[in-house]
There are 2 protein chains.
Amino acid sequence: MLRVVLVEPEGEYNVGFIARLCKNFGVDELYIVNPKCDLKKAVEFSAKGSSILLNSKVVDKFTDAIYDLDLKISTSSIADSKGDMLRKSISPWEMINYLDKNKIGLIFGRESVGLTREEIFMTDLLVHIPGNPDYPVLNLSHAVGIILYEIWRSRLTSKENSGIYHGAISSDTLKLIDKYLLALHDLVRKSDSDGDMYLALKRSIIRGLKDEEEGRAIVRFLRKTYMKIIHSNE
Amino acid sequence: MLRVVLVEPEGEYNVGFIARLCKNFGVDELYIVNPKCDLKKAVEFSAKGSSILLNSKVVDKFTDAIYDLDLKISTSSIADSKGDMLRKSISPWEMINYLDKNKIGLIFGRESVGLTREEIFMTDLLVHIPGNPDYPVLNLSHAVGIILYEIWRSRLTSKENSGIYHGAISSDTLKLIDKYLLALHDLVRKSDSDGDMYLALKRSIIRGLKDEEEGRAIVRFLRKTYMKIIHSNE
């Protein structure tokens, strides 16, 4: 199941074009968080994707659009600034290796300012479309089109994307890894922590995980570590 | 040299978006054949691609836009109708194999009816972006974006060794990760442990690590976790 999430989109034409793209590339659900434009006008730009727009789910809060997802992928035109853990990104063709989950969400920010750091923090992976270093900033709907194309392309081509094969790792395991990492992070961070340590370890594990067995062993390791700290403090 | 040729484009926003995409993906020239829309209005949609639009070459005839090209690639949303030789197409990722020419032109037709059969006939290859069979017809500028992305992508991926780019992660960082993982493992394992948890986590991190910065953040996380346990036990 593939869901596109638009966060506070500002342009009618972008929302309409994106609905059309969702139809072109077989997206299952469109969620729109707190739209800043007229969705009725957007229909004019959606051509035969209008049904997707008319059936889209409009929600007030970011979390309402992502809480039930197994894998949350945020996107940004700003990526890989030195020293900024949050902005470390993967390319669309690297993203392909991680899509063997049930409910996958592709999350796109505002035309003007993209996603906030808080929003990116709540996601599992950050994807950046590399472009001309002089001007890599794509228009919103074109970024959506390229990401959706890449996923569609990967379904059509055989396993040409080498790299790590992401076996069948269950969503439960990913959620448990995230849960214990967050809990450990809460125990060891200083109050002014920016979450770098948590982000770095979570993303490395997600990217590097090979199969369910490994995932469960990691959950065991993290849980035992967490319990050790909790019980030591009793 | 890469040239984008638009034949009788009808929508200002498409022309503007395409100029922006040309900038995003390093296109050298934009030719517009007999435009059917107001190019001044198009500038509004071109963002920082406006210079490409202002420097575009407007010509009256199709042949004026293509006569000096070494390779002429036409595009269509209609492809591979049975028995129709003209419409036999290649995919964008197959197109990549033919781009070792000096002057390459990517030719896109009208929003309403695409390129004529006569126009396609004058080109060397026909590219079709495969999409949902129920509705594969992309908006013009989104088709341009995907074709340009595919070319840009091929330049980047041919430089990579495929898979996750493994930056320059120092041996020191890898050793520190290993040291703290081992120390934590010693603290939490039962005596009969076979080391599964340790192996799983270490290998996932090593495979998934993106760069030295991430590596150091992970070392910090592991060290703080270790110290927390040690100090709790004092």
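The rules behind each value
In this convention, every chain numbers its residues from 1, walking through the sequence in written order. Chain labels run from A onward and ligand labels from 1 onward, assigned in the order the entries are written. Confidence filtering applies because this is a predicted model: local features only for residues at pLDDT of at least 70, side-chain atom pairs given and counted only at 80 or more, and all residues used for totals across whole chains, interfaces and linings. To get the side-chain values, take all heavy atoms of the structure and skip hydrogens and water. In this text, helices come from DSSP runs of H or I with a minimum length of four residues, and strands from runs of E with a minimum of two, each type numbered from the N-terminal end. Each residue is assigned to one of three classes by its accessible area relative to the maximum for its type, calculated with a 1.4 Å probe on protein chains only: buried under 20%, partly exposed between the two thresholds, exposed over 50%. The contact criterion used throughout is that any non-hydrogen atoms of two residues lie within 4.5 Å. Only strands joined by at least two bridges in the DSSP assignment are considered to pair. Classification remark: right-handed applies to a crossover when, strands pointing away from the viewer, the course from the first strand over the helix to the second runs clockwise. An axis is simply a line fitted to the C-alpha atoms; with a helix, the fit covers only the stretch in contact. Between two such axes, the angle follows the N-to-C directions and lies from 0 to 180 degrees. Only Phe, Tyr and Trp rings take part, Trp by its six-membered ring, and two of them pair if their centres are within 6.5 Å. Stacked means planes under 30 degrees apart, edge-to-face means over 60, and tilted covers everything else. Placement of a positive charge over a ring is assigned whenever Lys NZ or Arg CZ falls within 6 Å of the ring centre and within 35 degrees of the normal to the ring plane. Nonpolar cores are built from buried Ala, Val, Leu, Ile, Met, Phe, Trp, Tyr and Cys residues. Side-chain atoms within 4.5 Å join them into one set.

(A) Just the side chain of S204(B), in detail. With respect to the helices and strands, S204(B) occurs in helix α9 (residues 196-208). Among the residues examined, S204(B) registers a relative accessible area of 0% and is labelled buried. Residues contacting S204(B), with those up to four places away along its chain left out, are S204(A), I205(A), G208(A), L209(A), E214(A) and I218(A).

(B) Focus on the pairing of strand β2 (residues 29-33) of chain B. All names here are of chain B. In terms of burial, β2 is largely enclosed, as four of its five residues are buried. Sheet topology note: the strand β1 (residues 2-7)/β2 ladder contains five bridges and is parallel. Note that in β2 the partner of V7 across the bridge is V33. Where the polypeptide runs from β1 across helix α1 (residues 12-24) and back to β2, its parallel neighbour, the crossover connection is right-handed. Two elements, β2 and strand β3 (residues 57-59), share three bridges in a ladder whose sense is parallel. If you follow I32 over to β3, its bridge partner there is V58.

(C) Spotlight on the sheet that holds β1(B). All names here are of chain B. Strand order across the open sheet formed by six strands is β3-β2-β1-β5-β4-β6, with parallel pairing between neighbours. Lying at the two open borders of the sheet, with one neighbouring strand each, are β3 and β6 (125-127). Strand-to-strand twist across the sheet, computed as the mean angle between neighbouring axes with direction ignored, equals 25°.

(D) Looking closely at the packing of aromatic side chains. Under the counting rule described, the total for this entry stands at 19 aromatic pairs over all chains. Consider the rings of Y13(A) and F17(B), whose centres lie 5.6 Å apart with planes at 50°: the pair is tilted. Here F17(B) lies in helix α1 and Y13(A) lies in helix α1 (residues 12-24), a pairing that spans two chains. Here Y13(A) and F45(B) contribute two aromatic rings whose centre-to-centre distance is 5.7 Å and whose plane-to-plane angle is 80°, an arrangement assigned as edge-to-face. In this pair, Y13(A) is assigned in helix α1 and F45(B) in the loop between α2 (39-42) and α3 (50-54), connecting two distinct chains. Among the aromatic side chains, those forming a connected cluster through ring pairs are F25(A), W93(A), Y149(A), W152(A), F25(B), W93(B), Y149(B) and W152(B). The lysine or arginine in question, R3(B), covers the ring of Y31(B), its NZ or CZ lying 4.0 Å from the ring centre.

(E) Broad picture of the nonpolar core. Judged by nonpolar contacts, the single largest core of 132 residues is most densely connected at L30(A), M95(A) and L30(B). Residues in contact with L30(B), not counting those within four places in the same chain, are V4(B), L6(B), I18(B), A19(B), C22(B), I52(B), L53(B), S56(B) and K57(B). Counting 14 residues, the second largest nonpolar core, distinct from the first, contains V33(B), F62(B), A65(B) and L86(B).

Taken by themselves, the reported measurements are silent on function.
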